[in-house]
Amino acid sequence: LLFLRSAAAELPSAPVEVSVCADSLEVRSGGSCDAAALPAGVRLMPSSCRGLRRLRGDGLHLRVRLRSPPPAADVIFTLRENLKPNKNCIFYCQSCGDIVVKDRKFLRVLPLPSENWSDFVEEWCCHPDPFASSTLHPQYGDCFVGDTFYLLNSGNEPHVPESPKSKENTRVICKRCKTMLGETVSSDTIKYYVTEVIIQPAEGSFSPTPRSQFVQSMVAQCLLELSSAKSTFRFTIKGDNGRTYILIWLLNSDTLLVESLGSSSSHSDFTLFGDTLTPSSGPVGAWNAVKVLYQPCIQCRNKELADAWENDMGVHPLKFPSETCLELLLVLGLSTTSLPPSLQCMNSFQVRNSFC
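Residues numbered from 1 in each chain as written. Predicted model: local features only at pLDDT ≥ 70, side-chain atom pairs only at ≥ 80, totals over all residues. Heavy atoms only, no water.

**Topic: the sheet that holds strand S17 (residues 197-201)**
Ordered in space as S10-S9-S17, the 3 strands form an open sheet in which the pairing is antiparallel. At either margin of the open sheet sits one strand with a lone partner, and together these are strand S10 (99-105) and S17. The mean inter-strand angle of the sheet, taken between neighbouring strand axes irrespective of direction, is 20°. Pairing of strand S9 (residues 88-93) with S10, which is carried by 4 bridges, proceeds in the antiparallel orientation. Each bridged residue has a counterpart across the sheet, and for asparagine 88 the counterpart in S10 is lysine 105. (Pairing = 2+ DSSP bridges. Helix = DSSP H or I, 4+ residues; strand = E, 2+ residues; numbered from the N terminus. Axes fitted to C-alpha atoms, helices over the stretch in contact; angles between N-to-C directions.)

Okay, structure coming up:
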C-alpha cells in the first residue's frame, strides 16, 4: 500500500495522472510533476496496480505489488549479537556515550528464562516450587541475557550503589547525563536495560544513534525475538515502577517501509510514507519494519483491557525504565499521526510501524 502525498493530491478539483514504472512512480497535475524513485533493488509491478482512490485529508491511496531482495537467512536479531565469549567489549550509555562497563571479557554469555517463568512452575511440578529460594547470580566472567536486559556481576563499577536500602537507591544512573541505565539486583549483581546501553567491541568506538530511533529499534527486536522463540504476539510494556504503560499486539514482521522525498517542478514535498522518526539516509530509503497495534494505558486509560491482559498467560510482559516507556509511547503516537487518518486505527487499537 502506497500513500501518495503531494500538493496536487490534496486538491479535490485538480485532475491527477499517476504513472507507475518498475523503478519509479509519478504524479502529474496542473503542469507539475512529482516523481518518487525507489531504493536500489526494490521494483514495482505495474500490472498489479489497483485501488487508486483519493480520500479527503488522506491524499491518494494505491495498491501495487513490489519485488525486493530476499532477506538474509537469519533475520532474527538476538541481544547476544555483540556479546561474544572471550571477546573484550565495552558498555556505553546510549544517551551520552559515557563508558559504563569498560573492557570486560565474558567467559560465558547465557540466556535467562523468561521473567514470568515462575508462573509456569505449578504446571511443571506436582510438589511445592523447588526453585522458590533459588536465584541466578552471574560470576564476574558471566553475562546473563534476559528478555530486555543484561545481568552482570557488578565487580567494582563505581556507579553501582554499594548497599541499596530502598527501591529508589537500586537505580543505576549514568555519571555524566544522569539517565537511568538499570538497577541493582543484589550487592554484586546489576541489571542493564537493552534500551539504555550500547555494547561494542573494545577495539571499536562509540557510534551515536538518535534516541527515538534506538528505542523503537530495540523494542522491535525484542518483539521479534520473543515472537519467534515463544510464538507470543501480545505484550505489556511495564515500567520499573510496576505500572503498565502500553499494550502491544504484533501483527507482522515482514513490512518494508520505503520513503522518498521525491523531486518536483513545483518544489512540493512528496513522500511514500511520512514519518519524522525515520533514519536519515538521503532522499530514498527502505527499512525492514514490524507492524503493531497498541493501546496506551497511562492515566487509567484502557484499564479493563490492561487487567484482562495482565491475567492472560498468552501475554508476555516486557519491563523497561519508566522514562523509556513514556518515550516509546511518544514514538508510537508520532508514527500513528504520520499515517493517513483512515488507517490510524484498527478495532480501537492504534496502528504503528517500528524499525527493526
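**Let's talk about the sheet that holds strand S13 (residues 149-153)**
On the basis of which strands lie adjacent, the open sheet formed by 6 strands has the order S11-S12-S13-S16-S15-S14 and mixed pairing. Because the sheet does not close on itself, it has two edges, and the strands there are strand S11 (108-111) and strand S14 (171-173). For this sheet, the mean angle separating the axes of adjacent strands, direction not counted, is 30°. Strand direction decides the pairing type here: strand S15 (residues 180-186) and strand S16 (residues 189-193), joined by 4 bridges, are antiparallel. Opposite glutamate 183, over in S16, you have lysine 191 as the bridge partner.

**Re the packing of aromatic side chains**
Inspection of the entire model under this criterion finds 7 aromatic pairs. Arranged with centres 5.9 Å apart and planes meeting at 85°, the rings of phenylalanine 91 and tyrosine 150 form a pair that is edge-to-face. Of this pair, phenylalanine 91 sits in strand S9 while tyrosine 150 sits in strand S13, placing them 59 residues apart in sequence. For the pair phenylalanine 91 and tyrosine 150, one class covers both residues: buried. Consider the rings of tryptophan 249 and phenylalanine 349, whose centres lie 6.1 Å apart with planes at 85°: the pair is edge-to-face. Here tryptophan 249 is found in strand S19 (residues 244-260), whereas its partner phenylalanine 349 is found in strand S24 (residues 349-355), with 100 residues between them in sequence. By relative accessible area, phenylalanine 349 is classed as buried at 8%. An aromatic cluster of at least three residues, connected via ring pairs, comprises Phe91, Phe106, Tyr150 and Tyr192. A cation over an aromatic ring shows up here: arginine 234 above the ring of tryptophan 309, its NZ or CZ 5.3 Å from the ring centre. (Phe/Tyr/Trp six-rings, centres within 6.5 Å; stacked < 30°, edge-to-face > 60°. Buried < 20%, exposed > 50% of the residue type's maximum accessible area, 1.4 Å probe, protein only. Lys NZ or Arg CZ within 6 Å of the ring centre and 35° of its normal.)

**Here's the deal with the pattern of salt bridges**
The full count for this structure, using the stated rule, is 11 salt bridges. A salt bridge links glutamate 183 to lysine 319, with the shortest nitrogen-to-oxygen separation between them at 3.7 Å. Of this pair, glutamate 183 sits in strand S15 while lysine 319 is found in strand S22 (residues 315-320), placing the two residues 136 residues apart along the sequence. Here glutamate 183 falls in the buried class, since its relative accessible area comes to 7%. A residue is classified by how much of its surface remains accessible, and lysine 319, at 19% relative accessible area, is buried. Residues glutamate 327 and arginine 211 are paired through a salt bridge, measuring 3.0 Å at the closest nitrogen-oxygen approach. Within this pair, whereas glutamate 327 is found in helix H4 (residues 322-338), its partner arginine 211 is found in helix H2 (residues 211-230), the two being separated by 116 residues in sequence. A residue is classified by how much of its surface remains accessible, and glutamate 327, at 29% relative accessible area, is partly exposed. Taken together, the shared-partner salt bridges in this structure form one network comprising Arg171, Asp240 and Glu323. (Salt bridge = Lys/Arg side-chain N within 4 Å of Asp/Glu carboxyl O.)

**So, the confidence of the model for the chain**
Scored by pLDDT, the chain comes out at a mean of 79, with 74% of its residues at no less than 70. Put simply, strand S20 (residues 263-264) is where the chain has its lowest mean pLDDT, 42, and strand S18 (residues 234-239) is where it has its highest, 97. The low-confidence segment residues 161-165, where pLDDT is below 50, has 7 contacts with residues more than four positions distant or belonging to other chains. When the criterion is pLDDT under 50, residues 262-281 qualifies, and its contacts beyond four places in sequence or with other chains add up to 67 contacts. (pLDDT = per-residue confidence, 0-100. Contact = heavy atoms within 4.5 Å.)

**Focus: H2**
Counting along an α-helix, one turn takes 3.6 residues, and residues three or four places apart therefore face a common direction. With 20 residues, H2 should reach 28 Å at 1.5 Å per residue; the first-to-last C-alpha distance of 28 Å fits that figure. A large share of H2 lies buried, amounting to 16 of its 20 residues. Within two residues after H2, serine 231 carries a phi angle of roughly 50°, on the positive side. (Expected span 1.5 Å × (residues − 1).)

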